[in-house]
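# Observations on chain architecture
If you want the building blocks of each chain, they are given just below.
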Amino acid sequence: MRVLLTFILMTLTTSGAQAQSIDLFTKDTTELAPGVYTFGAFSARSLFVVTDDGVITTDPVSTKNAADMRAAIAEVTDQPVKYVIYSHQHWDHVLGGQIFKNEGATFISHDKCIPHFLRHPNDELVMPDKTVASDSEITLGGKTLKLMYFGPNHGDCMLVMQVEGTDVLYINDLVTPYSVGLGFMPDYDPGEWVRTLNELEAMDTWNTFTGGHGVPEAPKAAMNQRRRYMEALMQAVLDGIADGKRLEGLYDTIELPKEFQEMRGYDTHIRRSAERIYHYYTMGW
Ligand SMILES: [Zn+2]
């Protein structure tokens, strides 16, 4: 099964496209900065921060993943998990946190996640104990985790995170390195998403990031590529509309430059991505 689901990722190198075999499920613990780790696999990834007074983790992902992450944390520290921070509301990141609740962790999300959680309850979701409404931070054991809110983008409750003093961001789902991402999601705002990526790119306080999926660590150039992909997609849809194309006639003929065609998921998602952008421009949502 695992072999069947292993697939080929096209990554961009300075010498051009290069094929790499990617294992979706083999989990790693990768130290990004002193005491700052990413845990997970290509299919889903989280952050945990080890301090002298406990551990802060982000998304549990699932009951199974949370148990695996708890074991991975125990490999590097005896400290208890004190906080769990939800990056945003999507179930492929926030479920399965009970193991951390059982040891007394405080769960935190942006307050705009709460209506989503109430409207679409899930037995595997631990509801947040606290919420934040804007930029915030958590200090524990001498380390400070910054929670940054950029408004609506991939949903409306996304928190980007950074441990103060490091040059690594945790950016869940706004960028999956070298990937186009899902084509059609009703709760994302393409214009605000591009604005957010521009604001993140303009920050000079980071050089690499770890995402909610994909490789453990990627350079800022991977975010730049994703932003340019989205801009190229949006322009291509505008051009199609200007040429009189509508609906399937537009989706079926959309074609972006070769650099973007080589991003993971292009062939699967380009048509649905065009449909999403078409409605953004023709319906206002
Ligand atoms: Zn998401």
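Residues numbered from 1 in each chain as written. Predicted model: local features only at pLDDT ≥ 70, side-chain atom pairs only at ≥ 80, totals over all residues.

### A short note on helix 10 (residues 266-283)
Given a rise of 1.5 Å per residue, 18 residues ought to cover 26 Å, and the 24 Å separating the end C-alpha atoms of helix 10 matches this to within 8%. Within helix 10, the full set of buried residues consists of Ile-270, Ser-273, Ala-274, Arg-276, Ile-277 and Tyr-278. Where helix 10 is buried, its residues contact helix 6 (190-202), helix 7 (220-242) and helix 8 (247-251). Phi turns positive one or two residues past the end of helix 10, at Gly-284, with a value near 85°. (Helix = DSSP H or I, 4+ residues; strand = E, 2+ residues; numbered from the N terminus. Expected span 1.5 Å × (residues − 1). Buried ≥ 20, exposed ≤ 12 C-beta atoms within 10 Å, placed from the backbone. Contact = placed C-beta atoms within 7 Å.)

### Points about the sheet that holds strand 8 (residues 106-110)
For sheets, the rule is that strands pair by backbone hydrogen bonds, running either parallel or antiparallel. Ordered in space as 3-4-5-6-7-8-9, the seven strands form an open sheet in which the pairing is mixed. Where the open sheet ends on each side, the last strands, each with one partner, are strand 3 (28-33) and strand 9 (130-132). The mean inter-strand angle of the sheet, taken between neighbouring strand axes irrespective of direction, is 25°. By the bridge criterion, four bridges tie strand 5 (residues 44-51) to strand 6 (residues 54-57) in an arrangement that is antiparallel. Across the sheet, residue Thr-51 finds its bridge partner in strand 6, namely Gly-54. This element, helix 2 (residues 63-76), spans strand 3, strand 4 (36-41), strand 5, strand 6 and strand 7 (81-85) of the sheet and lies at about 35° to strand 5. (Pairing = 2+ DSSP bridges. Axes fitted to C-alpha atoms, helices over the stretch in contact; angles between N-to-C directions.)

### Side note on helix 2
Because the α-helix completes a turn every 3.6 residues, residues three or four places apart line up on one side. The terminal C-alpha atoms of helix 2, which comprises 14 residues, lie 21 Å apart, in line with the 20 Å expected from a rise of 1.5 Å per residue. Buried within helix 2 we find Asn-65, Ala-66, Met-69 and Ile-73. Along the axis of helix 2, the buried residues cluster in a sector spanning 95°; they form a single face. Exposed residues on helix 2 whose side chains face more than 90 degrees from its buried face are Lys-64, Ala-74 and Glu-75. For helix 2, the secondary structure elements touched by its buried residues are strand 4, strand 5, strand 6, strand 7 and helix 4 (98-101). (Arc of directions from axis to C-beta.)

### Here we look at the pairing of strand 6
Counting the residues that bridge the hairpin from strand 5 to strand 6 gives two residues. When strand 6 meets strand 7, the two strands line up parallel, connected through three bridges. Within strand 7, the residue paired with Thr-57 across the bridge is Val-84. What joins strand 6 to strand 7 is helix 2, and the crossover it makes is right-handed. (Right-handed = clockwise from strand over helix to strand, strands pointing away.)

### Considering the packing of helix 7 against helix 10
Running from N to C, helix 7 and helix 10 point in directions that differ by 65°, and their axes come no closer than 9 Å. By the angle between their axes, helix 7 is roughly perpendicular relative to helix 10. In this structure, helix 7 crosses over helix 10, and the sense of that crossing is right-handed. For the pair formed by helix 7 and helix 10, the contact residues are Leu-233, Met-234, Val-237, Leu-238 and Ile-241 on the first element and Ser-273, Ala-274, Ile-277, Tyr-278 and Tyr-281 on the second. Within the contact of helix 7 with helix 10, the residues separate by chemical class into nine nonpolar, one polar and no charged. (Parallel < 35°, antiparallel > 145°, perpendicular 65-115°, else oblique. Left-handed = near helix turned anticlockwise from the far one by under 90°. Nonpolar A, V, L, I, M, F, W, Y, C, P; charged D, E, K, R; others polar.)

### Quick look at the nonpolar core
Ranked by internal contacts, the top residues of the largest apolar core, which has 64 residues, are Phe-48, Val-49, Ile-85, Val-160, Ile-171 and Ala-274. The greatest single-element share of this core, amounting to seven residues, is contributed by helix 7. Once residues within four sequence positions are removed from consideration, Ile-171 is found in contact with Val-160, Leu-200, Phe-209 and Gly-211. (Core = buried A, V, L, I, M, F, W, Y, C linked by C-beta atoms within 7 Å.)

### Quick word on the pairing of strand 5
When a strand is regular, its side chains alternate between the sheet's two faces. Counting buried positions along strand 5 yields seven of eight residues, so the element is predominantly enclosed. Sheet analysis places strand 4 next to strand 5, joined by six bridges and oriented antiparallel. Its bridge partner being in strand 5, Phe-39 is matched across the sheet by Ser-46. Connecting strand 4 to the next strand, strand 5, in antiparallel fashion are two residues.

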